[in-house]
Amino acid sequence: MTIGIPRALLYYRYGALWKTFFEELGCRVVLSQKSDQRVISAGDALSDSECCLPVKAFAGHIASLVGRCDYIFAPRFERLGKHEEFCVRFWGLTDLARGTLPGAKILSHNLQSGRPGAGLRGFVGLGRALGKSKARSLWAYWLAVRAQREKDARDREKQRKLLAAPGLKVLVAAQPYISYDPAIGGPLVRLLREAGLTPIFAEACPRPAARQAAKKLTHSLYWTMNKEIVGALELLRPQIDGVILVSAFPCGTDCLVNELILRRVKGLPITQIILDGLHGQAGLQTRIECFADILKKRGRGHAG
């Protein structure tokens, strides 16, 4: 049995978990191709105009998997806990996938509902849908959790080394499916490096610590991933020289949280960039170069 995983949205947060789980169940996993303009254009044609750029990319990825697998994986996510929620797009992701491609076989389950043990029960439910026993699914789940933890630990260690090295560091304060997607955030990250800056990613911070640190800035924020971005800024503030708030048009949660950061974080150069998926990069390059000039004139740079 072949499971297709779209290389979009929460794949950039849980990709190792999902891939290992299905492989340990004895399934073959097929990933969609890396994002490029063709994938995004295909998703744009399939999506409503009000969808944000990452959701349009997701639509393009699921479309590219049709005919290549038995099931396309599109899980549902609600919340991590009582006072934390994912963006509502993730609540309806399964319905979005089925509505976009009515003939496709969508494999889904609610993997985060905020109830104790919901994640584990969700994966057992996925295994049951594939005809696997509860014991087999539990074993696959724990192996998958270990694989994801190991991957996260490698990412944190890589970032720790970057923070310890000399040079100007810029926090890319963005959702992982923006900063790590080669077609959405990839050009921005490349331009940062070409401008002589070291990009540091909010997603690579320990998530529980980031969510706790976010309380220093606000106690009322309940969007999980935005809370982690705010917390990453608080945790890394002594080690970074500037912040780029990156969001994808028209993300409502990012707009509100970025405004909060701009009003409450002082003493640190911050700029905001909204990505809309248009082809030209000249404007983006100019803004990155201007921000780099500001940081270089400040001339600090952290090491250790």
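Above this note sits the structure.
Conventions adopted
Residues numbered from 1 in each chain as written. Predicted model: local features only at pLDDT ≥ 70, side-chain atom pairs only at ≥ 80, totals over all residues. Heavy atoms only, no water. Helix = DSSP H or I, 4+ residues; strand = E, 2+ residues; numbered from the N terminus. Buried < 20%, exposed > 50% of the residue type's maximum accessible area, 1.4 Å probe, protein only. Contact = heavy atoms within 4.5 Å. Areas by Shrake-Rupley, 256 points an atom, 1.4 Å probe, with all protein chains shown as cover. Salt bridge = Lys/Arg side-chain N within 4 Å of Asp/Glu carboxyl O. Pairing = 2+ DSSP bridges. Axes fitted to C-alpha atoms, helices over the stretch in contact; angles between N-to-C directions. Expected span 1.5 Å × (residues − 1). Arc of directions from axis to C-beta. Phe/Tyr/Trp six-rings, centres within 6.5 Å; stacked < 30°, edge-to-face > 60°. Core = buried A, V, L, I, M, F, W, Y, C linked by side-chain atoms within 4.5 Å. Right-handed = clockwise from strand over helix to strand, strands pointing away. Polar contact = N/O pair within 3.5 Å; in protein donor to acceptor, adjacent residues only side chain to side chain.

A. Seen up close, the overall build of the protein chain. In terms of regular secondary structure, the protein chain is built from 13 helices and 10 strands. By its C-alpha atoms, the protein chain is 60 × 40 × 35 Å across when sized along the principal axes. In the protein chain, which comprises 304 residues, the proportion classed as buried is 55%. Once local pairs closer than 6 in sequence are excluded, the contacts in the protein chain between residues at least 24 apart make up 74%. Just so you have it, the protein chain exposes about 13900 Å², and 53% of that area is on carbon and sulfur atoms.

B. View of the pattern of salt bridges. Counting across every chain of the model gives 15 salt bridges. With its nearest N and O atoms 2.6 Å apart, the salt bridge here joins R207 to E203. Assigned by exposure class, R207 and E203 land together as buried. Several salt bridges share partner residues, and in doing so they unite R13, E84, R211, K227 and E228 into one network.

C. Looking closely at the sheet that holds strand β2 (residues 28-31). Taken together, the 4 strands give an open sheet; going across it, the order is β2-β1-β3-β5, and neighbouring strands pair in parallel fashion. The open sheet has two edge strands, β2 and β5 (106-107), and neither has a second partner. Against the sheet, helix α1 (residues 11-24) contacts β1 (2-5), β2, β3 (71-73) and β5, and its axis sits at roughly 175° relative to β1.

D. Broad picture of helix α3 (residues 53-65). With 13 residues, α3 should cover 18 Å at 1.5 Å per step; its first-to-last C-alpha distance of 19 Å lies within 8% of that length. Residues of α3 that are buried: L53, P54, V55, K56, A57, F58, A59, G60, H61, I62 and L65. Remark: G67 follows α3 within two positions and exhibits a positive phi of approximately 90°.

E. Highlighting helix α13 (residues 282-298). Compared with the 24 Å implied by 1.5 Å per residue over 17 residues, the 25 Å span of α13 between its first and last C-alpha is a close match. All of the buried residues along α13 are L284, I288, F291, A292 and L295. Along α13, the residues classed as buried sweep out an arc of 105° about the axis, all on the same side. Those residues of α13 that are exposed and angled more than 90 degrees off the buried face are A282 and K297. Taken together, the buried residues of α13 touch β7 (168-173), α9 (186-194), β8 (197-201), β9 (242-248) and β10 (270-275). Looking one or two residues past α13, G299 carries a phi angle of roughly 65°, positive in sign.

F. Representation of the packing of aromatic side chains in the model. For the structure on display, the rule yields 15 aromatic pairs. Clustering of aromatic rings is evident, with ring pairs tying together Y14, W18, F21, F22, F73, F77, F86, F90, F123, Y141, W142 and Y177.

G. Up close: the nonpolar core. The biggest cluster of nonpolar side chains holds 73 residues, and the ones touching the most others in it are W18, F21, F22, F58, F73, F90 and I288. The leading source of residues in this core is α1, at 7 residues. Apart from residues lying up to four places away in sequence, I288 is in contact with L188, L191, L192, A195, I244 and I273.

H. Highlighting the sheet that holds β7. Ordered by their spatial adjacency, 4 strands build an open sheet running β8-β7-β9-β10, and the pairing between neighbours is parallel. Each edge of the open sheet is held by one strand with a lone partner, namely β8 and β10. On average, each strand axis in the sheet is inclined to that of its neighbour by 30°, with strand direction left out of account. Where β7 and β8 come together, 5 bridges link them in parallel fashion. Following the sheet pairing, L168 is matched in β8 by L197.

I. Spatial organisation of the pairing of β1. Burial along β1 is two-sided: T2 and G4 facing one way and I3 and I5 facing the other are all buried. Taken together, the 4 bridges between β1 and β2 define a ladder with parallel strand orientation. Bridge assignment links I3 to a residue of β2, and that residue is V29. As for the winding sense of the linkage, the β-α-β connection from β1 through α1 to β2 is right-handed.

J. Representation of unusual backbone geometry in the model. Of note, the phi angle at L9 is positive, near 50°, even though the residue is not glycine. Position of L9 relative to the elements: it lies in the loop between β1 and α1. The class of L9 is buried, set by a relative accessible area of 4%.

K. Main features of the side chain of S108. Tracing the backbone through its elements, the reader meets S108 in the loop between β5 and β6 (110-113). Of note is the side chain of S108, whose polar atom sits 2.8 Å from the backbone oxygen of A74. Reaching out from S108, the side chain makes a polar contact with the side chain of T94 at a distance of 2.5 Å. If sequence neighbours within four positions are ignored, S108 has contacts with A74, P75, R76, T94, R98 and L126.

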